[in-house]
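Chain and residue survey
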Amino acid sequence: MSLRSFIAKAQDAGYLVTIAREVDPYLEMARVINALDGQPVLFTKVKGLSYKVVSGICSAREYFALDLDIDQSQLLFALAQALENPVAPQMVASAPCQELVEEEVDLNSLPILTHLPDDGGPYVTAGVAIVKDPDYGRNMCFHRLMRIGPRQFAARVVEGRGTDTALKKTSGESEVTICLGNSIPVLLAAAMSPPKGVDELSIANALRPTPLVKCRTVDLEVPAESELVLEGRITRRTVAEGPFIDLTETWDIVRQQPVIEIDCLTHRHHPLYHALLPGRLEHKLLMGMPREPTIYAAVNQVCRCKNVLITPGGMSWLHAVVQIVKQAPDDGRKAIAAAFRGHTSLKHVVVVDEDVDLFNPAEVEWAIATRSQADRDLILLEDQPSSSLDPSAISIPGQKTRTSKMGLDATIPWYKSTGELRTREEREGFKKVEYGEVDIAVYCASGENRQ
Ligand SMILES: Cc1cc2nc3c(=O)[nH]c(=O)nc-3n(C[C@H](O)[C@H](O)[C@H](O)COP(=O)(O)O)c2cc1C
């Protein structure tokens, strides 16, 4: 489903907030999006520009479920299925994203938001870049882009990710295309890091049909239904990129980053521009949710994994809860080690049994309180490679960031402190005692509960 069909569906479902009043992309729009965090928003009048702007389309799990036509509880399994079974997209000869072609590019015509007064400049935040790796083929990845001229951006290219490794294999300029106004499957796939050589656009296509079209000026293919596509080159020139607020809701540092030159802009008639507010729910969910299937797959290799949640409190990146069907005494410990393999930026993980609702933080805390003993169930790993996003980690320029990691097995302990194995009946004693159910309407009917 394209971005515009999702917007229509979100409107029908009553989720969409439409702002008809004129809004300035310089500082004002970010504040409005922030005030409506968690809701899809459509700005129909942008100060000085003809574009409409959308935001918040990925700011809650229910919107992903709405787009994919599945129940929210099935999201993890749909992502896992697509990740394991990518389907090569169909190529088409003509596409909505090329309805209009502009070779006289002026990036000032786009409603690129300046989010905060101290930002390094106006930033594209929902653009996915596609490059070709000489060995592994197509790679798709988000890159925040700071506008530095009428045809130039400074791009944040994180070391070791697909774009960076592709760039390091060539000496000259690299062709690139940046797609904006993408479907939700394209956004999800762009946030995934599948094994090298697995095409993210084939993962998007496995989620929902995502036909591709050849670009006009570069040898790359793009989703035919994107709203707008920038074609250009990643140069060898670097400039200062930032400051910019990151996932942590704190300032990211200024770094020397590559300059991208844009040579051609193609778009639909009346294109929708997607503005994603950094550090808020849409950014967080898009970062974290695509890591749940990789943790799920890794844990399933060592025991039976039932569900995984990357929790919002850990900025949807550093913390997870893993739910297992425990079948052996050490399944919880094995699950901890596997979860760290499934998402290498993971810092803290809690493993719970299947009777604990991992979407309810109070239930997870209850499991920690009633089932774990730190000296027995805490796994502490020192000096581990970690996420550069964690401000408390040890960060030395030119070296991989290091951190301590912690995993807590909050599953029912199968052994007693004496070393004796608990019987099945004794293990049942760790479960919550339930009251029977009643039809409460019968008791509260027609004013009988009033005094
Ligand atoms: C909203 C959003 C913004 C992101 N911004 C950047 C960025 O500026 N630079 C970057 O290298 N990765 C960024 N990422 C992370 C990559 O898109 C993500 O890690 C991706 O999986 C990398 O895939 P790859 O390793 O296959 O290239 C961002 C992710 C999201 C969801």
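Further up the page is the structure itself.
For every chain, the first residue of the written sequence is number 1, and numbering continues from 1 onward in sequence order. Totals for whole chains, interfaces and linings use every residue, but because this is a predicted model, local features are given only for residues with pLDDT of at least 70 and side-chain atom pairs only at 80 or more, for both listing and counting. In computing side-chain properties, one takes all heavy atoms of the structure into account and sets aside hydrogens as well as water.

Re the side chain of glutamate 292
The test is simple: For the purposes of this entry, the term helix denotes a DSSP run of H or I that reaches at least four residues, the term strand denotes a run of E that reaches at least two, and both are numbered from the N terminus. Each polar contact in these results corresponds to two N or O atoms within 3.5 Å; when the atoms are within protein, one needs to be able to donate a hydrogen and the other to accept it, and residues that are neighboring in sequence are counted only if both atoms are side-chain atoms. Any pair of residues with heavy atoms lying within 4.5 Å of one another is described as a contacting pair.
Relative to the helices and strands, glutamate 292 resides in helix H9 (residues 292-300). For glutamate 292, the side chain forms a polar contact with the side chain of arginine 61, separated by 2.7 Å. When near neighbours in sequence (up to four residues on either side) are disregarded, glutamate 292 contacts Arg61, Leu76, Val308, Leu309 and Ile310.

Some details on the side chain of aspartate 377
We apply this condition: Buried, partly exposed and exposed residues are distinguished by accessible area as a fraction of the type maximum, computed with a 1.4 Å probe on protein chains only: under 20%, between the cut-offs, and over 50%, respectively.
Mapped onto the fold, aspartate 377 is located in helix H12 (residues 374-377). The buried category is assigned to aspartate 377, whose relative accessible area is 7%. Reaching out from aspartate 377, the side chain makes a polar contact with the side chain of arginine 376 at a distance of 2.7 Å. Apart from the residues lying within four places of it in its own chain, the contact partners of aspartate 377 are Arg333, Arg371, Ser372, Gly407, Leu408 and Asp409.

A word on the packing of aromatic side chains
Heads up, the rule is: Stacked, tilted and edge-to-face are the three classes applied to pairs of Phe, Tyr and Trp rings, where Trp contributes its six-membered ring and a pair requires centres within 6.5 Å; stacked means planes under 30 degrees apart, edge-to-face means over 60, and tilted covers the rest.
For the coordinates displayed, the defined rule picks out three aromatic pairs. On the basis of an interplanar angle of 80° and a centroid distance of 5.5 Å, the ring pair of phenylalanine 77 and tyrosine 296 is categorised as edge-to-face. Residue phenylalanine 77 is found in helix H4 (residues 75-84), and its partner tyrosine 296 is found in helix H9; the two are separated by 219 residues along the sequence. Given a relative accessible area of 27%, phenylalanine 77 falls into the partly exposed group. An angle of 45° between the planes, with centres 4.1 Å apart, marks the rings of tyrosine 123 and phenylalanine 244 as tilted. You can see tyrosine 123 sitting in strand S5 (residues 123-124) and its partner phenylalanine 244 sitting in strand S14 (residues 244-245), a full 121 residues away along the chain. For the pair formed by tyrosine 123 and phenylalanine 244, the shared burial category is buried.

With respect to the sheet that holds strand S17 (residues 272-274)
Definition in use: Paired strands are those between which DSSP finds at least two bridges. Here an axis means a line fitted to C-alpha atoms, over the contact stretch when the element is a helix, while the angle between two N-to-C directions is reported on a 0 to 180 degree scale.
An order of S1-S2-S3-S17 is seen for the four strands of this open sheet, with the pairing classed as mixed. The sheet terminates laterally at strand S1 (17-19) and S17, the two strands that pair on one side only. Averaged over all adjacent pairs, the angle separating strand axes in this sheet is 25°, with direction ignored. Examined bridge by bridge, S1 and strand S2 (residues 41-43) share three bridges and lie parallel to one another.

Regarding the site of the ligand
Where we set the bar: Nearness is defined per residue: one heavy atom within 4 Å of the molecule or strand is enough. For the area figures, the Shrake-Rupley method with a 1.4 Å probe applies, and any residue is considered shielded solely by the protein chains shown. Residues were grouped as follows: Ala, Val, Leu, Ile, Met, Phe, Trp, Tyr, Cys and Pro as nonpolar; Asp, Glu, Lys and Arg as charged; and all remaining residues, including Gly, as polar.
Around the ligand sit 20 residues, and of these Arg144, Arg156, Gly162, Glu200 and Arg291 come closest. Separating a nitrogen atom of the ligand from a backbone N or O atom of arginine 156 is a distance of 2.8 Å. Arginine 161 is positioned such that a nitrogen or oxygen atom in its side chain is 3.1 Å from an oxygen atom of the ligand. Calculation on the ligand without its partners gives an accessible area of 640 Å², and the protein chains cover 93% of this total. Its residues placed into classes, the shell around the ligand shows 10 nonpolar, five polar and five charged.

A few points about the sheet that holds strand S20 (residues 348-353)
Strands sit in the order S18-S19-S20-S22-S21 across an open sheet of five strands; the sheet is mixed. Both edges of this open sheet fall to strand S18 (304-310) and strand S21 (378-385), since each of them pairs with a single strand only. Taken pair by pair, the neighbouring strands of this sheet meet at an average axis angle of 20°, ignoring direction. Of the pairings in the sheet, the one linking strand S19 (residues 319-325) to S20 comprises six bridges and is parallel in character. Within the sheet, the bridge partner assigned to histidine 319 lies in S20 and is histidine 348. Across the sheet, H9 lies against S18 and S19, angled at about 155° from S18, the strand it touches most.

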